Amino acid sequence: MTLRELHDAARAALDPVRYDFVAGGAGEERALAANGRAFDRYALLPRVLRGAAERDTAVDLPGARRTAPVLVAPTAFHRLLHPGGERAAARAAAAEGAVLVTGVAATTSVAAVAAAAREADPDAAVWFLLYPHPRREVTEALVRRAEEAGCSALVVTADSPLLGRRTRDLRNGFTDLPPGYAAENMRDLPGAPPGALTDIPMHPAASWRDFAETVGMTSLPVWVKGVLHPEDARLAVGHGAAGVIVSNHGGRQCDAAAASLDCLPAVVDAVDGAVPVLLDGGVRRGGDVAVALALGAAAVGVGRPVLWGLAAAGEAGVREVLRTLLAEYDHTLALCGGRRNTDLGADMVVRGNAPW
């Protein structure tokens, strides 16, 4: 099935409230729509007579060597969409050579997610996403949990001092998980009784000092996610980030935020090669992957399409999404005269009618 067909199958299979949870964004969903429209404003200028019969599209990232240029971005509550949940997504990502980013809002523990990934590939890279927590001991316990599970990198979400006002969820009264589901990584944390869950609170006072403290807790590389402003990218490098993820949280936080892709070139310029830059938000085609890499991203993250695949066909559906995007990207790279990802550059991108 095409990605559009997987979306349609997922919508047919899901309860409307659960579909809206995945599909929806903040406010009037302007930022959500802007992510997709941004890719429509960019086009490629292929080069000719310099390609190769086979391409090498693997990328080396802090926490993942020789990985696919498409990652499974962190998304919440997979078991709401399919009984296989995060385990199915992890096996699929590992089988396709892609990093899977799980996190505190998973309905399966990080240890179980990492174990599932390694059923498909013993060397699979699994990263763990956490939100800054007001209590340092909780953050540190989550870091240790990720380390013990064998995660190879951490990702700190920086764009969520408050929860976005997600209109569909508010209309549907979807404010908590239904019975039988839980954010399993928040179980058995400091300050809670054995077996009890700790909330995932927002932390509006979180600071770069908090981020630096998290970096200091671990030897794992720590990425920062949710950067749009170039000055924040510089601050991330200065506070020890191993990489920067340009993201407007899939349009689920600030509805007035710019599209991720439009922010990418300035962030790439700001870090000036000190750390790799990833992008998520609006990637739906292999050509989108090529545009993002040409504008300086080392790789891209994909969220909603993975969830459509999961809801429609479980593990096989997630594999189909990743396989399709990677095949389309390889095809586009070949048509642009590329042998490897770094053969794509900003000189090969136009926005509107004006070359960069």
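Above this note sits the structure.
A brief structural summary. Computed from a prediction, not measured in an experiment: that's the story for all the values here. (Residues numbered from 1 in each chain as written. Predicted model: local features only at pLDDT ≥ 70, side-chain atom pairs only at ≥ 80, totals over all residues. Heavy atoms only, no water.)

**So, the packing of aromatic side chains**
Here the structure, examined in full by the defined rule, presents 5 aromatic pairs. With centroids separated by 5.6 Å and ring planes inclined at 20°, the aromatic side chains of F21 and F77 adopt a geometry described as stacked. Of this pair, F21 sits in helix α2 (residues 16-23) while F77 sits in the loop between β4 (70-72) and α4 (85-95), and the two are 56 residues apart along the sequence. Classification of F77 as buried rests on a relative accessible area of 14%. Pairing W127 with W223 gives two aromatic rings, centres 5.2 Å apart and planes at 25°, and the pair type is stacked. Remark: W223 occurs in strand β8 (residues 222-227) and W127 occurs in strand β6 (residues 126-130); sequence separation between them is 96 residues. Each member of the pair W127 and W223 is classed as buried. Connected via pairs of aromatic rings, a cluster forms that spans F21, F77 and F174. For the cation-ring pair, R252 lies above F21, with the distance from its terminal atom to the ring centre recorded as 5.0 Å. (Phe/Tyr/Trp six-rings, centres within 6.5 Å; stacked < 30°, edge-to-face > 60°. Helix = DSSP H or I, 4+ residues; strand = E, 2+ residues; numbered from the N terminus. Buried < 20%, exposed > 50% of the residue type's maximum accessible area, 1.4 Å probe, protein only. Lys NZ or Arg CZ within 6 Å of the ring centre and 35° of its normal.)

**Brief notes about the pattern of salt bridges**
In this structure the tally under the stated criterion is 24 salt bridges. A salt bridge links D40 to R285; the shortest N-O distance between them is 3.5 Å. Of this pair, D40 sits in helix α3 (residues 30-40) while R285 sits in the loop between β10 (277-280) and α11 (286-294), and the two are 245 residues apart along the sequence. Look at R285 and you get partly exposed, because its relative accessible area is 39%. Across the pair R136 and E140 runs a salt bridge whose closest N-O atoms are separated by 3.1 Å. Here R136 and its partner E140 are both found in helix α6 (residues 136-149), 4 residues apart, which amounts to about one turn of the helix. According to the relative accessible area criterion, E140 is partly exposed, its value standing at 26%. Taken together, the shared-partner salt bridges connect R136, E140, R144, E147 and E213 into one network. (Salt bridge = Lys/Arg side-chain N within 4 Å of Asp/Glu carboxyl O.)

Read these as layout, nothing more, since geometry by itself doesn't imply function.
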